[in-house]
Amino acid sequence: MPATPAWPPQSTPRLFVETELAPGPLRIEGPPAHYLIQVMRMKAGDPVKLFDDKTGEWLGITQAMGKRDLVLDVTERLREREPVPDLWLCAAPIKKGRIDWVAEKACELGVARLAPVLTRRAVVDKLNLDRLRSHMIEAAEQCGRTALPELVEPVKLTAMLRDWPSERTLFFADETGGLPALEAMRAHPGPAAILVGPEGGFDPEEREAIRAHPKAVGIALGPRILRAETAAAAAVSLWMGTVGDW
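Residues numbered from 1 in each chain as written. Predicted model: local features only at pLDDT ≥ 70, side-chain atom pairs only at ≥ 80, totals over all residues. Heavy atoms only, no water.

So, on to the layout of surface pockets. Of the voids in this model, the largest pocket is the one considered here, and its volume is about 430 Å³. As for the largest pocket, its lining consists of 22 residues, and the residues nearest its centre are Ala173, Glu175, Ile225, Leu226 and Ala231. At the level of elements, β13 (216–220) and α7 (228–242) are the ones that each hand at least two residues to the lining of the largest pocket. A class-by-class count of the residues in the lining of the largest pocket yields 11 nonpolar, 5 polar and 6 charged. Roughly 260 Å³ of volume is contained in the second largest pocket. (1 Å grid on protein atoms, 1.4 Å probe; cavity = no way out; pocket = protein on both sides within 12 Å on 5 of 7 lines; lining within 4 Å. Points joined across faces, edges and corners; volume = space filled by probe spheres on them. Helix = DSSP H or I, 4+ residues; strand = E, 2+ residues; numbered from the N terminus. Nonpolar A, V, L, I, M, F, W, Y, C, P; charged D, E, K, R; others polar.)

Here it is in structure tokens:
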């Protein structure tokens with residue numbers, strides 16, 4: 001006998017919703033509705049996978065459709081919200097496009113929090129947090145994630161160091177040299193954060209302030225010069241492969 005097709009099929013669209021999910025009807029409006037109706041050509045009875053960053057992933061069945069909205073019947077929970085490794089990414093703002101990429105990869109790689117840090121050499125001093133969150137949501141939808149990184153307001157480096165939690169190691173990508181990243185990360189398991197500077201790096205005074213912090217550990221990311229966004233992804237990947245959930 002032929003195998004029973006998987007339900008819902010792998011091709012089922014995934015959608016993030018702000019509303020906490022539970023069984024029952026759910027109205028979808030705005031751009032998400034446009035995507036399902038006009039792009040995905042949804043019809044009555046078609047499934048949608050839904051997640052809310054709180055309760056996991058749910059199955060919704062298309063019930064009623066209008067020109068600009070549709071109603072889904074949320075029927076069952078498919079998965080619980082995934083566990084997230086306790087890693088923060090503290091990244092100096094960089095140019096539009098590149099910082100969007102950092103937000104996407106932070107979500108894909110499993111970072112728990114993305115915390116923009118304002119430094120002296122940063123060429124960007126303002127961020128569109130709504131745009132960054134949209135990029136993270138899109139990454140989560142495409143990669144099957146049920147959790148999103150927490151996105152917090154930018155803070156100045158001095159304020160971040162002043163208020164740093166005593167239980168969290170701060171690995172900072174030090175372009176002037178530090179411990180090999182793998183060695184440092186193995187030696188400091190537990191809650192952690194990675195600090196990456198802007199295109200021009202930290203200035204000498206900032207670097208000294210970071211080094212003087214009792215929870216800071218300077219790390220080296222190899223012999224090659226990396227762009228800020230590459231350094232962020234590389235450091236997160238090393239941590240995930242060493243003490244994270246890879």
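Here the phi dihedral of Arg41 falls at roughly 55°; this positive angle occurs in a residue that is not glycine. Position of Arg41 among the secondary structure elements: in the loop between α1 (30–39) and β3 (47–51). The residue Asp53 is not glycine, and still its phi comes out positive at about 65°. Residue position: Asp53 is located in the loop between β3 and β4 (57–65).

This part is about the sheet that holds β4. Ordered by their spatial adjacency, 5 strands build an open sheet running β1-β3-β4-β5-β2, and the pairing between neighbours is mixed. The open sheet is flanked by β1 (14–16) and β2 (24–29), the only strands paired with a single partner. On average, each strand axis in the sheet is inclined to that of its neighbour by 40°, with strand direction left out of account. Against the sheet, α1 contacts β1, β2, β3, β4 and β5 (69–79), and its axis sits at roughly 95° relative to β2. The strands that helix α3 (residues 129–143) touches are β1 and β3; relative to β1, the one it contacts most, it runs at about 150°. (Pairing = 2+ DSSP bridges. Axes fitted to C-alpha atoms, helices over the stretch in contact; angles between N-to-C directions. Contact = heavy atoms within 4.5 Å.)

Inspection of α1 places Ala33, Leu36 and Ile37 among the buried residues, and these make up the whole buried set. For α1, the buried positions fall inside an angular range of 90° around the axis, keeping them on one side. The inward-facing, buried residues of α1 contact β1, β2, β3, β4 and β5. Two residues or fewer past α1, Arg41 is found with a positive phi of approximately 55°. (Buried < 20%, exposed > 50% of the residue type's maximum accessible area, 1.4 Å probe, protein only. Arc of directions from axis to C-beta.)

Right, let's get into empty space enclosed by the protein. Taken as a whole and judged by the stated rule, the model has 2 cavities of 30 Å³ or more. Ala91, Ala92, Ile94, Ile99, Val102, Val196, Gly197, Ala228, Glu229 and Ala232 are the residues that line the largest cavity. Counting residues per element, the ones that place at least two in the lining of the largest cavity are α2 (98–109) and α7. Along the lines of polarity and charge, the residues of the lining of the largest cavity split into 8 nonpolar, 1 polar and 1 charged. Lining the second largest cavity are Leu89, Trp101, Val102, Lys105, Ala106, Leu109, Glu229, Ala232, Ala233 and Val236. Within the residue set of the lining of the second largest cavity, elements represented by two or more residues are α2 and α7. Ranked by residues supplied to the lining of the second largest cavity, first place goes to α2 with 5 residues. A class-by-class count of the residues in the lining of the second largest cavity yields 8 nonpolar, no polar and 2 charged.

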